[in-house]
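What the coordinates show
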Amino acid sequence: MRAKAADMPGKDCVKVAVRVRPFNKRERDAGSRCIISMASNIITIQDPRNGQVPRSFCFDYAFWSHSGFTRDRSGLYVPEEPGGRYADQGSVFQDLGEGILENALQGYNATLLAYGQTGSGKSYSMVGYGPNKGLVPTLCDRLFQAIRANQDSRQCQVFFSMLEIYNEQVVDLLSRGSRTPGGLRVREELQRGFYVEGLRRVPCDGAPQVEQLMEQGTRTRTTAATHMNANSSRSHMLIILQLKQIFCKESITKQSNINLVDLAGSERQRASGSEADRLKEGTAINLSLTTLGNVISALADVAVGKKVVHIPYRDSVLTKLLQSALGGNSRTVMIAALSPADICYEESMSTLRYADRAKRIQNRPVVNESPTERLVKELKAENARLIVWRKSGEAKSPSCLKAIQMLWEQHLQEALKDWEQQYATITQERRMMQMYPYLLNINEDTQLSGVVKLFIQDGDWDIGLSDSSPRSISIKGLGIQNRHAVFSNVQRRVSLTPLAGSKVIINGTLVSQKTELQHLDRLILGSNSTYLFIGYPSERGGDDWSRYDYDYFQSELAAAEGIHLHTLCDSGAGPGKTDPSLLAVFYDYIKLMPMVAEANQMSQELQKGVEFKLEIKNLALSDSKGHDLEKEIAVRVTSQENKQVWLWSKAKFVNRKFLMEELYQQHAGEGAGRAPMPRDRDPFWDPLEPLLLGKAHLWLQSLAFRIALEEQLEVLGSEGTEEAILQVQLIPCNPTGLPLEEDDILIDPSELLGRRLDFQLVLDQCCGLRWIKQARNRGIQIGFRMFNSAQPFYTPAVWHNVNPLLDQRVHFTSLHTSQGLLEHLQTSALVLELWGLQEGCRDMLSSLEGVKMTPEGCFIIDRTETPDTPATLDPVPEVSCSMRALQLDVEELRNTNAALRTENHTLKEQLNTARTECGRGRSERRGSSVRPSCDAEFARALKVFYHSMTSVRGQLQRLRRHRPSEDSDLLGLRLFVDEQSGLLCDFSELLEQSVSSLKQDVAAIVRRKRERSGIWP
């Protein structure tokens, strides 16, 4: 279904269209849910985490391409039913492309912007695949059809240009010469506005020639991305069609530019609670997209009447070149591509907000026409007769038009020679594809995949940077050696032999010896040069090569490292169900894997001595209830020289990776003579900060019964490694800090409600610190936050000791135990954080801001508001604090007095009854004297059982963490089964002993109670 608000009027606002694509393979495998709906031209998006608050947006055009389609015999996607809601490529061109074409033929500048996250369908809408042609090729077909239909009334000339903007550098994708260092320069003229100096303009006389030029530009773009170590998803591609129409009868020339822009991926970094990067503003990689957003916002404010002092066109290369398209002399359409999956909610929401601002921009398009005399002036150097004709003011000269025609034909002949050379190359390539095996490049951008083909002919062939030998295959990329490997093609069998010091991965496995290749083997050369091996034609058959995309390569590599989708996403959601948040983490992991490999290679070549490693942080360690919440990607950064360690969030690492690329390219361009970079601007360095090593859970249930607890807790790192053993105690006590006796143990925790609860947290010792074992010049601190404390607490720093004594005791008080605190004690744990310190970083200090204390120095928790209690207390004035404590004591005495009166009344009634029924009264008094003794015995039995269950819980945790190694063979699995059986037996024995002991104790207590009460003889 397609919907549109209105046709393009004469006075133009930017028209915005939104297109929703089908689920891709990744989203189908995850069982993703569609969160976008469409009604007419209104788009509604649902937050998967909050189903109560949908957001709606209204646009000029809305295209539903998510469902309701089928594929016909020719491979064309069409609606399942005539008049169905599915919007195919033809429907999109009818609403968007025809208007752009009509504007261009009328003499207006026209611009089409494609915006959206990587993989949202921008390239499909712009270029298309196979028979499903996108806007660009269809627009070119229709343009040349219109030129042929009107050739009697006008003469038309079409020039084609194609460029890329990456890291604020302009690259001519059609250039025949070597790359200009630093890229082409953007100039400005009064008449032309901003333009690219030296950009090649190729004359075209047909759509096939344009398609061939696009293929040439794509090939150049792929090679450039590999050579520059550039991420194509962060680059912008511009196709410029210049149409010049000469009307002979009217002596008028109209010239219009059609700008077709595929913007860089707009994905946002998932929130990670991470710190702001000190070098965030230093990167130029996102400058164009950020500036484009600023320009759109400023123009949107202008459209609604706000006063805007400055519109930052000049802040980036992209916005300079698009100035006429945004608020200037152009009719502009933006198509925003959306993923409908729940795991892409943040990116889709960001795209919708961006497009919503863009639709407010108002342009001022005018027809670009001029008299023939202006054209004559441009050609005066070509024809001296034209100068005389211009001075004499002749109305019209046939010789002038003849000169124009001759010049145009000369340009076409030059372009035709290039086209014939390119066509011969393509023909030769297709012929070799039917004769030899070859390597096919695989790129993150599907548009750039399958462009480069490296043929492996008979004999031995060196592959690497060097191309000095006639039997060498030259490739570029990070980590590629001069002679990287040797391909041998003998008797129609192809093998690969890595050379010393080179990195070669085949099907996810690092190889160092000669390996025979099979059809559709996956190769990674160097850091991240990915290729698919295509065997001889006889081996190919009808295999589907499309499934071997970039994600397949990285997933295979992750599996070799022990990271599997099914194990990571095994969240217990049920069979066939996958947690979307965990799936997003998995794809974050495989997306960052090649970036980490490239960062390590750049660090090695630049001699930075820094190593990067991916980690998956389990956020269950941060949850006081121990629930397995979301996981999160982090990058551990280690200095190999002094063992200093940093932990970067995903967003911070991605930003730093782009800065590393800039530094690496500058180093490659300037060589060893470049001055060293100041440390504070070095993307490989950061100031040292405390590092979260791991966490431990201290369950608080014993406090609900006022039972003391002493435990040895395992401090687990984010990957499940044991970082240390922490010895802690929870001691119920009185307000002065003295431990309670066994008689104070509660049978029913609800007896605590409304009463004062005091307890001490004692941190005795930390043993076996893995952090200190790795480097003795380090230290540690313990941090925690008790219930609703306003600030976290930190122990003093301890340095240079593997088994440091902490000897920290903190007294907490709840003056009136609430239901919330009681539930917290019964169901939650105190999360103890182990922080690592390094020489040069500051200790973490406990802040007392907002913390309330009693006169005895006890920290108050569970500050509930009551009608008689102020909402906030001032912790500073001692008088106020003492007054508050006195008020609470008075209230407690009142409650105690009321309870004593009730008990006194009850005792009087019992005494009167005893006087009238003496014999029966003696028996009742014996029973009442037995009860306190039995309660104390039961409390002691409960305490023993609770401590024994602590051991049971520890054994259960060991069982949960005990898993076989990913690379275990049959013998290893048998050993694992034996170990698991032993652990199960130990767990069963511990549990049986604990329950049996409790049963025996309870039975003994009941028997003694009955004996004392006289029920048994």
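Everything numeric in this text was worked out from a predicted model, so none of it was measured.

Observations regarding the overall build of the protein chain
Assigned secondary structure in the protein chain consists of 22 helices and 44 strands. Out of the 1017 residues belonging to the protein chain, those deemed buried represent 49%. Partitioning the contacts of the protein chain with sequence separation of at least 6, the portion at a separation of at least 24 is 69%.

Remarks on the environment of Asp-843
Here Asp-843 is to be found in the loop between strand S43 (829-838) and strand S44 (859-860). For the pair Asp-843 and Tyr-794, spaced 49 residues apart in sequence, the C-alpha to C-alpha distance is 9.3 Å. Residue contacts for Asp-843: discarding those within four places in its chain leaves Gln-781, Ala-797, Trp-799 and Leu-837.

Overview of the sheet that holds strand S23 (residues 459-464)
Overall, mixed pairing links the 5 strands, which are arranged S24-S23-S25-S26-S29 in an open sheet. The open sheet is flanked by strand S24 (472-474) and strand S29 (515-516), the only strands paired with a single partner. In terms of strand pairing, strand S26 (residues 493-498) meets S29 through 2 bridges, oriented antiparallel. Residue pairing in the sheet places Ser-495 in a bridge with Glu-516 of S29.

With respect to the nonpolar core
The biggest cluster of nonpolar side chains holds 57 residues, and the ones touching the most others in it are Leu-532, Tyr-589, Phe-612, Leu-614, Phe-653 and Phe-684. Element by element, the count of residues in this core is highest for helix H15 (residues 580-605), at 12 residues. Once you skip the residues sitting within four places of it in the chain, Phe-684 turns out to touch Ala-599, Met-602, Ser-603, Leu-606, Lys-608, Val-610, Phe-612, Met-660 and Leu-663. Leu-825, Leu-830, Leu-832 and Ile-861 belong to the second largest nonpolar core, which has 48 residues in total.

Brief notes about the pattern of salt bridges
Inspection of the entire model under this criterion finds 22 salt bridges. Where Lys-657 meets Glu-598, a salt bridge forms, and the shortest distance between an N and an O atom there is 2.8 Å. Of the two residues, Lys-657 sits in helix H16 (residues 650-670) while Glu-598 sits in helix H15, which places them 59 residues apart along the sequence. Exposure class is identical for Lys-657 and Glu-598. Each is buried.

Things to note about the packing of helix H2 (residues 89-105) against helix H4 (residues 135-149)
Two numbers describe how H2 lies on H4: the axes approach to 10 Å, and their chain directions differ by 45 degrees. Classed by the angle they form, the pair H2 and H4 counts as oblique. Seen along the crossing, H2 lies across H4 with a hand that is right-handed. Residues Val-92, Phe-93, Leu-96, Gly-97, Glu-98, Ile-100, Leu-101 and Leu-105 of H2 form the contact with H4, whose participating residues are Leu-135, Thr-138, Leu-139, Arg-142, Leu-143 and Ala-146. By residue class, the composition of the contact of H2 with H4 is 10 nonpolar, 2 polar and 2 charged.

Quick notes on helix H19 (residues 819-827)
Where H19 is concerned, the buried positions are Leu-821, Leu-822, His-824 and Leu-825. Taken down its axis, H19 places every buried residue within 160 degrees of arc, on the same side.

Looking at the pairing of strand S38 (residues 757-767)
Taken residue by residue, a regular strand's side chains alternate between the two faces of the sheet. Here S38 lies mainly inside the structure; 10 of its 11 residues are buried. Pairing between strand S37 (residues 722-733) and S38: 9 bridges, direction antiparallel. Its bridge partner being in S38, Leu-730 is matched across the sheet by Leu-761. Relative to strand S42 (residues 805-814), S38 runs antiparallel, the two being bridged by 8 bridges. By the bridge assignment for S42, Leu-761 is matched with Val-810.

Quick word on the pairing of strand S34 (residues 645-649)
Extensive coverage of S34 is indicated by the burial of 4 of its 5 residues. Pairing of strand S33 (residues 631-639) with S34 involves 5 bridges; the strand directions are antiparallel. When the sheet's bridge partners are listed, Ala-634 is paired in S34 with Ser-649. With antiparallel pairing between neighbouring strands as the criterion, S33 and S34 make up a hairpin whose turn holds 5 residues, including Lys-643 at a positive phi of roughly 60 degrees.

Side note on the side chain of Asn-489
Mapping Asn-489 onto the fold places it in strand S25 (residues 485-490). In this structure the side chain of Asn-489 is engaged in a polar contact, spanning 2.9 Å, whose partner is the side chain of Tyr-536. Sequence-distant contacts of Asn-489, defined by excluding residues within four places in its chain, comprise Pro-437, Ile-456, Gln-457, Asp-458, Gly-459, Val-494 and Tyr-536.

A closer look at the confidence of the model for the protein chain
Per-residue confidence for the protein chain gives a mean pLDDT of 79, with 76% of residues at or over 70. Counted against residues more than four places away or in other chains, residues 392-397, with its pLDDT under 50, gives 8 contacts. Confidence drops under a pLDDT of 50 for residues 865-882, and excluding neighbours within four residues, the segment shows 12 contacts in the predicted structure.

Some thoughts on the sheet that holds S33
Taken in spatial order, the 3 strands make up an open sheet running S32-S33-S34, and their pairing is antiparallel. For this open sheet the edge positions go to strand S32 (610-618) and S34, each flanked by a neighbour on one side alone. Averaged over all pairs of adjacent strands, the angle between strand axes in this sheet comes to 30 degrees, irrespective of strand direction.

Notes on the packing of helix H6 (residues 287-303) against helix H8 (residues 345-358)
Put simply, H6 and H8 touch, their axes get as near as 8 Å, and they point 45 degrees apart. On the basis of the axis angle, H6 is oblique to H8. Residue-level inspection shows Leu-289, Leu-292, Gly-293, Ile-296, Ser-297 and Ala-300 of H6 in contact with H8, the latter providing Tyr-354, Arg-357 and Ala-358. Along the lines of polarity and charge, the residues of the contact of H6 with H8 split into 6 nonpolar, 2 polar and 1 charged.

What counts as what
- Residues numbered from 1 in each chain as written.
- Predicted model: local features only at pLDDT ≥ 70, side-chain atom pairs only at ≥ 80, totals over all residues.
- Heavy atoms only, no water.
- Helix = DSSP H or I, 4+ residues; strand = E, 2+ residues; numbered from the N terminus.
- Buried < 20%, exposed > 50% of the residue type's maximum accessible area, 1.4 Å probe, protein only.
- Contact = heavy atoms within 4.5 Å.
- Pairing = 2+ DSSP bridges.
- Core = buried A, V, L, I, M, F, W, Y, C linked by side-chain atoms within 4.5 Å.
- Salt bridge = Lys/Arg side-chain N within 4 Å of Asp/Glu carboxyl O.
- Axes fitted to C-alpha atoms, helices over the stretch in contact; angles between N-to-C directions.
- Parallel < 35°, antiparallel > 145°, perpendicular 65-115°, else oblique.
- Left-handed = near helix turned anticlockwise from the far one by under 90°.
- Nonpolar A, V, L, I, M, F, W, Y, C, P; charged D, E, K, R; others polar.
- Arc of directions from axis to C-beta.
- Polar contact = N/O pair within 3.5 Å; in protein donor to acceptor, adjacent residues only side chain to side chain.
- pLDDT = per-residue confidence, 0-100.

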